[in-house]
Amino acid sequence: MIKKRFDQVNRLIKDSLAFEKIKKNTPENTPKAVVVSIKHHTVYHRFFYLLLKFYKLSGYNVYYPMDFATFRNIRNKEKYLSLIIREDNFLIVNKKYQPENYIEITDEMFSPDYFSSYFEKGNNTTGVYHVPMSFHPLMYHYGIWNHKVDLNKKRINSIFCYGNFDAQAYLDIKRTEFSVIPRTELLSYFESKANFLALPGKAEMLKRIEEGSLEKKYAFAIKEHFELPMADVRETLSHFNFYLCCPGVVMPLCHNVIEAMSVGTIPLIQKEYADVMYPNLTDRVNAIIFDDLAHLNGILQDIFEMSELEIAELRKNVLQYFQDNLTPESVIDHLNNSIKNKELVYLQAEHRSVKFVR
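Residues numbered from 1 in each chain as written. Predicted model: local features only at pLDDT ≥ 70, side-chain atom pairs only at ≥ 80, totals over all residues. Heavy atoms only, no water.

What follows covers the packing of aromatic side chains. Within the structure shown, the criterion is met by 24 aromatic pairs. Judged by centre distance (6.3 Å) and plane angle (20°), the ring pair of Phe 160 and Tyr 162 falls under stacked. Note on Phe 160: relative accessible area 1%, which makes it buried. We classify Tyr 162 as buried; its relative accessible area is 10%. Judged by centre distance (4.5 Å) and plane angle (10°), the rings of Phe 160 and Phe 240 are stacked. Pair noted here: Phe 160 is in strand 7 (residues 156–163) and Phe 240 is in strand 10 (residues 240–244), with a separation of 80 residues, a long-range link. For the pair shown, Phe 160 and Phe 240 are each scored as buried. (Phe/Tyr/Trp six-rings, centres within 6.5 Å; stacked < 30°, edge-to-face > 60°. Buried < 20%, exposed > 50% of the residue type's maximum accessible area, 1.4 Å probe, protein only. Helix = DSSP H or I, 4+ residues; strand = E, 2+ residues; numbered from the N terminus.)

As structure tokens, then:
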């Protein structure tokens with residue numbers, strides 16, 4: 001009991017000191033400003049951090065006036081949400097600073113019902129804006145999201161995939177309305193193929209790239225055996241022509257596809273997944289899209305026989321899609337335009353955006 005009380009007092013002191021520190025943040029010399037008038041920040045978790053981070057990366061002063069109770073609530077809750085508080089010189093919380101011209105974002109502008117367009121409205125997105133998936137939050141936090149990557153290197157004509165394939169963690173998607181093939185089943189499917197290769201580590205991967213023994217392979221970097229540092233993710237992806245897009249925990253969307261597209265690696269993606277990316281991906285334009293495993297099997301018969309011109313055109317379109325829709329600046333441009341036009345903005349809220357039916 002004494003220890004618990006001590007811990008509470010210790011945290012209160014640390015929070016008080018942190019609050020006094022953040023109140024000293026001052027506006028940067030920029031005319032662009034956004035004022036955050038959102039009370040339900042905990043609904044959106046990491047995606048609320050990403051929303052504000054994108055404003056910051058787009059050159060905005062981010063004003064979020066708050067009292068000590070709100071500060072503590074954000075600082076000690078979800079780890080990615082708390083980054084808006086823990087990052088240096090991010091928010092301006094002191095109420096004495098008031099911008100003259102600004103964009104204001106409020107609770108009423110946003111909805112966590114991200115997939116209602118798909119399930120209830122025939123995927124009609126007229127009059128709404130879906131804030132798209134992004135890189136892993138820590139890529140922006142650590143400032144590695146825009147590290148320069150050579151996009152003109154000679155690529156390996158293979159399908160690459162990386163990530164966590166924990167069987168228990170990725171079964172919940174079967175309890176939802178989605179019909180995408182879970183990533184563990186995709187792994188099992190590819191493991192049965194003669195060209196499947198589980199890479200043991202980055203050094204072995206680079207060795208195989210150099211000697212040319214990765215051509216026409218289904219190369220998997222399984223996290224349990226292949227630790228890929230976050231700073232190396234985009235560079236690693238850029239070595240390959242194609243990326244197999246595996247769904248996330250409870251929804252098709254996962255940050256890996258955005259990271260792949262940022263370096264022009266062409267998504268090999270199931271149709272339902274492609275349909276809940278907004279704007280939707282288009283088969284043989286900016287993605288290779290399959291309906292089911294039988295269809296995927298047919299695609300695999302000739303995917304490695306595509307001409308260099310076809311692949312180059314796809315890659316150009318993938319990079320253009322990324323620039324037009326997925327960079328922080330493009331997201332904020334689309335978002336501000338939607339706010340101006342009084343359109344409803346859908347922002348992901350992890351499990352709160354998904355209906356469990358099983």
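Don't stop here, the text continues.
On to the sheet that holds strand 5 (residues 110–111), then. Pairing is parallel across the open sheet formed by three strands, whose spatial order is 5-13-6. Looking at which strands have only one partner, the edges of the open sheet turn out to be strand 5 and strand 6 (128–130). In this sheet, strand 13 (residues 344–346) lies alongside strand 6 in parallel orientation, the contact comprising three bridges. Note that in strand 13 the partner of His 130 across the bridge is Tyr 346. Strands in contact with helix 14 (residues 328–340) are strand 5, strand 6 and strand 13; relative to strand 6, the strand with the most contacts, it is inclined by about 155°. (Pairing = 2+ DSSP bridges. Contact = heavy atoms within 4.5 Å. Axes fitted to C-alpha atoms, helices over the stretch in contact; angles between N-to-C directions.)

In terms of burial, strand 9 (residues 218–222) is largely enclosed, as five of its five residues are buried. Burial along strand 9 is two-sided: Tyr 218, Phe 220 and Ile 222 and Ala 219 and Ala 221, pointing in opposite directions, are all buried. Where strand 7 and strand 9 come together, five bridges link them in parallel fashion. Its bridge partner lying in strand 9, Cys 161 is registered against Phe 220. With three bridges joining them, strand 8 (residues 196–198) and strand 9 adopt parallel strand pairing. If you follow Leu 197 over to strand 9, its bridge partner there is Ala 219.

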